[in-house]
Amino acid sequence: MACSRQPNDELVIRLSGCWTLAEGIPSIDDVRSECDGTAPPRQVRFDTQAVAGWDSALPTYLRGLMELFASRGIDADRSGLPEGVQRLLDLAAAVPETEVEAAFAGDSGLATLGRAALRHWKSAIESIRFLGEIWIACVRLASGRAHFRASDFALTIQQCGAEAVGIVTLVSFLVGLILAFIGAIQLKQFGAQIFVADLVGLGMAREMGAMMTAIIMAGRTGASFAAQLGTMTANEEIDALKTMGISPIEFLVLPRLLALTLMMPLLCLYSNLLGIAGGAVVGVGMLDLGVVSYFDQTRNALSLADFAAGLIKAVVYGSLVALSGCLRGMQCGRSAAAVGNATTSAVVTSIVLIVIASGIINVIDHILG
Amino acid sequence: MQAESPLVEVRGLTMTYGDFVIQRDLDFEIRRGEIFVVMGTSGCGKTTLLRHLVGLKSPARGEVLYDGESFWGADPERRQLMMRRFGVMYQNGALWSSMTLAENVSLPLEVYTDLDRSEIREIALFKLALMGLAGFGDFHPSEVSGGMQKRVGVARAMALDPDILYFDEPSAGLDPVSARRLDDLIRELRDSLGITMVIVTHELDSIFAVADRSLFLDPDTHTMLAVGPPAELRDHSPDPKIRQFLNRGRL
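None of these values were measured; they are calculated from a predicted model.

## So, the overall build of chain A
Counting its secondary structure elements, chain A contains 12 helices and four strands. In terms of overall dimensions, chain A has a C-alpha envelope of 105 × 60 × 40 Å along the principal axes. Within chain A, the proportion of its 369 residues that are buried is 35%. Expressed as a percentage of contacts within chain A between residues at least 6 apart in sequence, the contacts between residues at least 24 apart total 86%.

What follows is the structure in structure tokens.
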């Protein structure tokens, strides 16, 4: 590319060589500095006889130039350009039929903040309405009028019960092991290794069993609920249910909520036992406690009330995971990206709610003694 | 007397998304047994109008009447009852993907009738056969082609023998032959069963092939421009916008 000035205020731009995307698109700064110099040209002409070949690189470059000339009020004579390029430039310059609305382009930070606040407010109202609808559906279920398919319910039970056993086994066993390790290091200093059994037993039964199971279920089942319902929303399947007069809350949310709330305590109990077994491996293998004495110590340390506390938590966590998964799925937009967001949001919401609920339940438990 | 009164009346209907008005002051009626087409360019609010007619979105202003009875003014239980009078076929079929084709068609029957399982399955298979899908009852939606999914959507919408069938873009995404077959099917169903058909589409071939009357929605002025038989609108409409649309952009 070369620029040359003619005596009559005319700029001639000579293009040569290969103008392809593989070669890259040169900057228009040379021409800009020419235009912004002390004596700007009044018209521009092109000479492209030496151009060997071109693809969309050339029109893209020229489009930048044309905008530059238009903004400087310089007359551009395009007759020197290849004919195909001229036609492409005309096509690109055609004004669309309907003006694109410059939506929210020049927004101030305050407006963005306000909009975000309104969005959250709307989402909060939606959540409350969702809870209300669930409550109504539960009442209808209790009076035997709710409609969902038993086969769906059974399938969901299988998905969030039996199929989760593997991962719960692994994680619970390791959590028990880790608890025992942490305890062993401290308790060894006092020669009180046997209390590792108490620590692991109480820790799993009251807290960690339910918590770890809930977090596994949030990532596994909560996310899958959100993805299933989100895809159904995106695919108008939820609308199809509504126009059939079938409540999606009853038909889709209720079986999932029930299944997870029923399966969580079972998984939690299983997790408690696996955790205690994990602790025993450390106690017996590392601290030289006898198998029998370890389990005796565990049995003495644990009361039924400890298990009950864990199971109540499991029920609460289970319903929270199911509710947030289903809520995010039902709120999902109508695109593939929205389904992804719904899934992420479901997991985050579940975990936040689990931690908050755990805090509240522990405080209540403490007050009630 | 019954036969003379319109089946669906739309009076002063205004549709909005938030503050944005999509269409205002729509006034038209759908007659018993006719094939009524809602047409217009992309984004003019055709599908939104459908969502108002079938109870998925409530109007900002105005009223939809079925047999003279207010649809949105009715209490929710009564509205549910009125909704049972129509079936809807969604743009991509919207089949419940976890169920087989036969189960998709069976579900409304399970919910609303006291028939036993084998009878319901018989009916579902019959409806599928009507749509040319005999033998596909145990397939899942993902295992059949797009055109078949749409026909299952029609079969499901017809499960409860509705008075009105709504179609959202029935021929979108179909090859010309399948689209033509679906058009023929719509006409055939109307002729043999007397079901009133309301079709949202922008496919000119379909419009001229099936429509008795049509409604044109304009995205620029946000209101309806005309109601009438499409061929008449194409040749005699005073509005160049409608003639342009119906002549594929040529004036």
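## Topic: helix α6 (residues 176-193) of chain B
Residue and element names in this part refer to chain B. Here α6 spans 25 Å end to end across 18 residues, near enough to the 26 Å set by a 1.5 Å rise per residue. Within α6, the full set of buried residues consists of Ala 179, Leu 182, Asp 183 and Ile 186. Projected onto a plane normal to the axis of α6, the buried residues spread over an arc of 100° and lie on a single side. More than 90 degrees from the buried face of α6, the exposed residues found are Val 177, Asp 184, Glu 188, Asp 191 and Ser 192. Remark: Gly 194 follows α6 within two positions and exhibits a positive phi of approximately 70°.

## With respect to the sheet that holds strand β2 (residues 20-30) of chain B
All names here are of chain B. With antiparallel pairing, four strands are arranged side by side in an open sheet as β2-β1-β4-β5. Each edge of the open sheet is held by one strand with a lone partner, namely β2 and β5 (69-70). Note that strand β1 (residues 8-17) and strand β4 (residues 61-66) share five bridges and pair antiparallel. Each residue of the ladder has a partner; that of Val 8, found in β4, is Tyr 66. Against the sheet, helix α1 (residues 46-53) engages β1, β2 and β4, with an angle of about 120° to β1.

## Considering the interface of chain A and chain B
Facing 11 residues of chain A, the contacting portion of chain B comprises 14 residues. Looking at the side of chain A that touches chain B residue by residue, the class counts come to three nonpolar, four polar and four charged.

## Thoughts on the domain arrangement of chain A
One can read the domain layout of chain A as domain 1 (2-93) and domain 2 (119-368). Centre-to-centre separation of domain 1 of chain A and domain 2 of chain A, based on C-alpha positions: 65 Å.

## Quick word on unusual backbone geometry
All names here are of chain B. In this model, Asp 25 sits at a positive phi of 55°, which is unusual for a non-glycine residue. Locating Asp 25 in the fold gives a position in strand β2. Overall, Asp 25 belongs to the partly exposed group, with 14 C-beta atoms counted inside 10 Å. The phi dihedral of His 222 is positive, around 55°, even though this residue is not glycine. Residue placement: His 222 occurs in the loop between β9 (213-218) and β10 (223-228).

## Notes on the pairing of β9 of chain B
Residue and element names in this part refer to chain B. Where strand β3 (residues 35-39) meets β9, four bridges bridge the pair, whose relative direction is parallel. Among the inter-strand pairings, Val 38 is bridged to a residue of β9, identified as Leu 215. The pairing of β9 with β10 spans five bridges and is classified as antiparallel. Looking at the pairing, Leu 215 lines up with Val 227 of β10.

## Brief notes about the nonpolar core
The biggest cluster of nonpolar side chains holds 134 residues, and the ones touching the most others in it are Leu 128, Leu 165 and Tyr 166 of chain B. Broken down by element, the residue count for this core peaks at 18 residues, all from helix α7 (residues 196-234) of chain A. Excluding residues that lie within four positions of it along the chain, Leu 165 of chain B makes contacts with Phe 86, Gly 87, Met 89, Ala 157, Met 158, Ile 195 and Met 197 of chain B. Of all hydrophobic cores here, the second largest spans 14 residues; its members include Leu 15, Cys 35, Phe 46 and Leu 81 of chain A.

## Some details on the pairing of strand β2 (residues 10-19) of chain A
It is a general feature of regular strands that their side chains alternate between the two faces of the sheet. Residues and elements named next belong to chain A. Pairing analysis gives five bridges linking strand β1 (residues 2-6) to β2, with the strands arranged antiparallel. When the sheet's bridge partners are listed, Ser 4 is paired in β2 with Val 12. Taken together, β1 and the strand that follows it, β2, pair antiparallel across an intervening segment of three residues, in which Asp 9 is found at a positive phi of about 60°. One ladder, built from nine bridges, connects β2 with strand β3 (residues 43-54); its direction is parallel. Following the sheet pairing, Ile 13 is matched in β3 by Phe 46. Crossover β2 to β3 through helix α1 (residues 29-35) is right-handed.

Reading the values: the criteria
- Residues numbered from 1 in each chain as written.
- Chains lettered and ligands numbered in written order.
- Predicted model: local features only at pLDDT ≥ 70, side-chain atom pairs only at ≥ 80, totals over all residues.
- Helix = DSSP H or I, 4+ residues; strand = E, 2+ residues; numbered from the N terminus.
- Buried ≥ 20, exposed ≤ 12 C-beta atoms within 10 Å, placed from the backbone.
- Contact = placed C-beta atoms within 7 Å.
- Expected span 1.5 Å × (residues − 1).
- Arc of directions from axis to C-beta.
- Pairing = 2+ DSSP bridges.
- Axes fitted to C-alpha atoms, helices over the stretch in contact; angles between N-to-C directions.
- Nonpolar A, V, L, I, M, F, W, Y, C, P; charged D, E, K, R; others polar.
- Domains from an automatic or database assignment.
- Core = buried A, V, L, I, M, F, W, Y, C linked by C-beta atoms within 7 Å.
- Right-handed = clockwise from strand over helix to strand, strands pointing away.

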